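Here is what each chain is made of, one letter per residue.
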Amino acid sequence: MASACRPAAIACLLLLQAQADAHHSFAAEFTAEETATVSGTVVEVWFRNPHVRYYIEVEAENGEAQRWDTRGTSPSLLVRRGWTRDTIKVGDKVTIMGHKGRENPHLLSIIWVELADGTRLGKVDY
Amino acid sequence: MRTRLSRRGLFVSLALFPLAGAANDALVGDWMLELTGKGPRLVGQLTLGRQGDTWVAHVEGGPAEVRVDGDNLDVRIDSRDLAGFVFYRRLSGRYADGKLSGTFTIEGATEDPEPGGQWTGVRKLPDRAPEPPRPVDVSGIWTPAPGVDFRKYTMDLTDKAQAWFEGYLMHYDQPNVRCVSPGIVAMVAWGAYPFEILADDGRLTFIYEVESEVRRIFLDGREPPEYYPTSPMGYSTGYWDGSALVVETELLEANVRDFRGEPVSDGARMHERYSLSDDGRRLSAVITLLDPENYRVPPVRRREWVRDPATVILPYECDPDSFYRQMYDEGKLDMYFERSERRLIE
């Protein structure tokens, strides 16, 4: 499930500050102190305001499938930086790093998404 | 779900420290702070006072912890980052030659950790007399510039406001997560979205990308009709004080002020003062909420934007389905609807 990151080897073609552009408090749902990285397959895309969501299916250590709810900023801000509704599609393999949910163990606030070709979308200074 | 940071008692709403060493009366009063370093420049007002044997500090209208020891002082200011994570800026410095100066550090985890730096404080100048109008061209598209605003987190709430706030659930009660307008008081201070100003004779029209809200600011002195309802955007009139645009907003509907969920009452007013840089490329604003029913000291926000003719204002269609679906998935839908009345601010 967890994926080791290779920041130096990843081409950062699209840059954005994912949650830095929030318009409501992420502190209510997410912790700033804890992050997690998960790899899996996109099973649903929700590219609408107020926040994009990618549901991904991740294989847990016991072999069972886990469904993760990963959340980004608003499409209005993403498309201006080149991240459109077609950038990540159902069936894509992705690795996502983000702030962990406070209560829901399978909830992430996206900091970056790494696509199958190594492209990383999100913050580059993390 | 409720973040621990909003619980009463964890954060000291008004921190008072005994006078230590020789009390320096020269510190009492209003100071304009400027924080500089590797991060964006910040500006804000610090008010220092004394209540008996204790020092009291407010920054941008909100309480801050303060220690004074002779000419030395230490101020700890709670702030939120753009994602809503709460952290502190600790200013340590001293008073000399009629000014304050020192260094500041950051305490706490944030989405975008800030570096520390230096800070200065100079006496706030008294308000000057109004000047004859000298209108300037503020029309165009403006995108947010980083910095300037402290994003002070807690404010000095009245007992009534504090009692209401105690029951606020930061995520579930925030209007815009379910695609309901958060209102102009919150929107005007948010960070990420551009807005456009259209100028006509006697009127300015502000078009905000976020929530696709439109705001008319009448410059011809007209009053709202008697039947004009309260609303999240209120009713705005403006005038030119020299080259500064002053906007007064009334008829606001009860709402919340910012991420923390502090209330804005029916009857609140908002005062904004916009200034254009000499080269016309930068617009700045000081925004003051006047709501004595909820705030003992008026909250202040500051913003800057840069003129950006290359930007377009995008449509902002909002669909609350994912908000309700998350609650459904997490078994919280009943909880949400059982407290619907709670989201009506009296």
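Residues numbered from 1 in each chain as written. Chains lettered and ligands numbered in written order. Predicted model: local features only at pLDDT ≥ 70, side-chain atom pairs only at ≥ 80, totals over all residues.

From N to C terminus, chain B includes 4 helices and 20 strands. On C-alpha atoms alone, chain B measures out to a radius of gyration of 21 Å, which is about the 20 Å that the 2.2 N^0.38 rule sets for 346 residues. If you line up chain B on its principal axes, its C-alpha atoms span 55 × 55 × 40 Å. Evaluated residue by residue, chain B yields a buried proportion of 36% over its 346 residues. Sequence-distant contacts in chain B: of pairs separated by 6 or more residues, those separated by 24 or more amount to 57%. (Helix = DSSP H or I, 4+ residues; strand = E, 2+ residues; numbered from the N terminus. Rg over C-alpha atoms; globule rule 2.2 N^0.38 Å. Buried ≥ 20, exposed ≤ 12 C-beta atoms within 10 Å, placed from the backbone. Contact = placed C-beta atoms within 7 Å.)

The number of helices and strands found in chain A is 1 helix and 7 strands. Reading the helices (α) and strands (β) of chain A from amino to carboxyl end gives β-β-β-β-α-β-β-β. Sorting the 126 residues of chain A into buried and exposed places 43% on the buried side. Counted over contacts in chain A with a minimum sequence separation of 6, partners at least 24 positions apart contribute 61%.

Right, let's talk about the sheet that holds strand 10 (residues 140-144) of chain B for a bit. Sheet strands associate in pairs through backbone hydrogen bonding, adopting either a parallel or an antiparallel arrangement. Residue and element names in this part refer to chain B. An order of 10-11-12-13-14-15-18-19-20 is seen for the 9 strands of this closed barrel, with the pairing classed as mixed. Within this sheet the neighbouring strands show an average axis-to-axis angle of 30 degrees, counted without direction. Examined bridge by bridge, strand 10 and strand 11 (residues 195-200) share 3 bridges and lie antiparallel to one another. Of the residues in strand 11, the one forming a bridge with glycine 140 is isoleucine 197. (Pairing = 2+ DSSP bridges. Axes fitted to C-alpha atoms, helices over the stretch in contact; angles between N-to-C directions.)

Glancing now at the domain arrangement of chain B. Residue and element names in this part refer to chain B. Split into domains, chain B comes out as domain 1 (12-123) and domain 2 (140-307). Computed from C-alpha coordinates alone, the two centres of domain 1 and domain 2 are separated by 25 Å. Contacts between the two partners involve 21 residues from domain 1 and, on the opposite side, 18 residues from domain 2. For the side of domain 1 that touches domain 2, the elements supplying multiple residues, two or more each, are strand 3 (42-51), strand 4 (54-59), strand 5 (62-69) and strand 6 (72-80). Considered class by class, the residues forming the side of domain 1 that touches domain 2 number 9 nonpolar, 8 polar and 4 charged. (Domains from an automatic or database assignment. Nonpolar A, V, L, I, M, F, W, Y, C, P; charged D, E, K, R; others polar.)

A few words on the interface of chain A and chain B. The interface of chain A with chain B comprises 24 residues on the first partner and 33 residues on the second. Every element with two or more residues in the side of chain A that touches chain B is listed here: strand 2 (30-46) and helix 1 (75-79) of chain A. Among the residues making up the side of chain A that touches chain B, the classes are represented as 9 nonpolar, 7 polar and 8 charged.

We now examine the pairing of strand 10 of chain B. When strand 10 of chain B meets strand 20 (residues 300-307) of chain B, the two strands line up antiparallel, connected through 3 bridges. Counted as the bridge partner of tryptophan 142 of chain B is arginine 307 of chain B from strand 20 of chain B.

This part is about the confidence of the model for chain B. For residues with low pLDDT, the predicted coordinates do not support detailed interpretation. Residues and elements named next belong to chain B. Predicted confidence across chain B gives a mean pLDDT of 90, with 93% of residues reaching 70 or more. Predicted confidence is poor over residues 1-22, with pLDDT under 50, and the contacts of this stretch with residues over four places away or in other chains come to 46 contacts. On the interface metric, ipTM, the complex scores 0.80, and its pTM is 0.88. (pLDDT = per-residue confidence, 0-100.)

Attention now moves to the nonpolar core. Across soluble globular proteins, nonpolar side chains show a tendency to be buried alongside one another. Residue and element names in this part refer to chain B. If you look at the biggest cluster of nonpolar residues, it comprises 36 residues, and the most contacted ones within it are Val185, Met187, Phe206, Tyr208, Val264, Met270 and Leu289. Secondary structure elements with two or more residues in this core: helix 1 (159-165), helix 2 (184-187), strand 11, strand 12 (203-208), strand 15 (244-250), strand 18 (269-276), strand 19 (282-290) and strand 20. Once residues lying within four places of it in the same chain are set aside, the contact partners of phenylalanine 206 are Phe195, Ile197, Arg215 and Ile217. Counting residues in hydrophobic clusters, the runner-up holds 23 residues, among them Leu48, Trp55, Ala57 and Leu100. (Core = buried A, V, L, I, M, F, W, Y, C linked by C-beta atoms within 7 Å.)

The next subject is the pairing of strand 15 of chain B. Residues and elements named next belong to chain B. A one-sided burial pattern is seen for strand 15, the buried positions being Leu245, Val247 and Thr249 and the unburied ones Ala244, Val246, Glu248 and Glu250. One ladder, built from 7 bridges, connects strand 14 (residues 235-241) with strand 15; its direction is antiparallel. Of the residues in strand 15, the one forming a bridge with aspartate 241 is alanine 244. Both strand 15 and strand 18 contribute to a ladder of 5 bridges, which runs antiparallel. The residue of strand 18 that forms the bridge with leucine 245 is tyrosine 274.

It is worth spelling out the confidence of the model for chain A at this point. Residue and element names in this part refer to chain A. Confidence along chain A averages 81 in pLDDT terms, with 78% of residues attaining 70 or more. When mean pLDDT is compared element by element in chain A, strand 3 (residues 53-59) scores highest at 96, while strand 1 (residues 14-15) scores lowest at 40. The low-confidence segment residues 1-20, where pLDDT is below 50, has 49 contacts with residues more than four positions distant or belonging to other chains.

Moving on, we get to the environment of glutamate 61 of chain A. As for its placement among the helices and strands, glutamate 61 of chain A is situated in the loop between strand 3 and strand 4 (65-71). For the pair glutamate 61 of chain A and leucine 107 of chain A, spaced 46 residues apart in sequence, the C-alpha separation works out to 17 Å.

Let's shift gears to unusual backbone geometry. Along the chain, asparagine 49 of chain A connects to proline 50 of chain A via a cis peptide bond; the corresponding omega equals 5 degrees. As for its position among the elements, proline 50 of chain A is in the loop between strand 2 and strand 3. One non-glycine residue, aspartate 97 of chain B, lies in the positive phi region at around 55 degrees. Structurally, aspartate 97 of chain B is set in the loop between strand 7 (86-96) and strand 8 (99-107). Residues other than glycine seldom take positive phi values, yet arginine 151 of chain B does so here, at roughly 50 degrees. Take arginine 151 of chain B: it is sitting in the loop between strand 10 and helix 1. Exposure remark for arginine 151 of chain B: the 23 C-beta atoms within 10 Å place this residue in the buried category.

As a further point, take the environment of leucine 290 of chain B. All names here are of chain B. Secondary-structure assignment places leucine 290 in strand 19. On the basis of neighbour count, leucine 290 is assigned to the partly exposed category, with 15 C-beta atoms found within 10 Å. Residues leucine 290 and valine 264, 26 residues apart in the sequence, show an inter-C-alpha distance of 9.3 Å. With residues near it in sequence (within four places) discarded, leucine 290 still touches Ala268, Arg269, Met270, His271 and Pro298.

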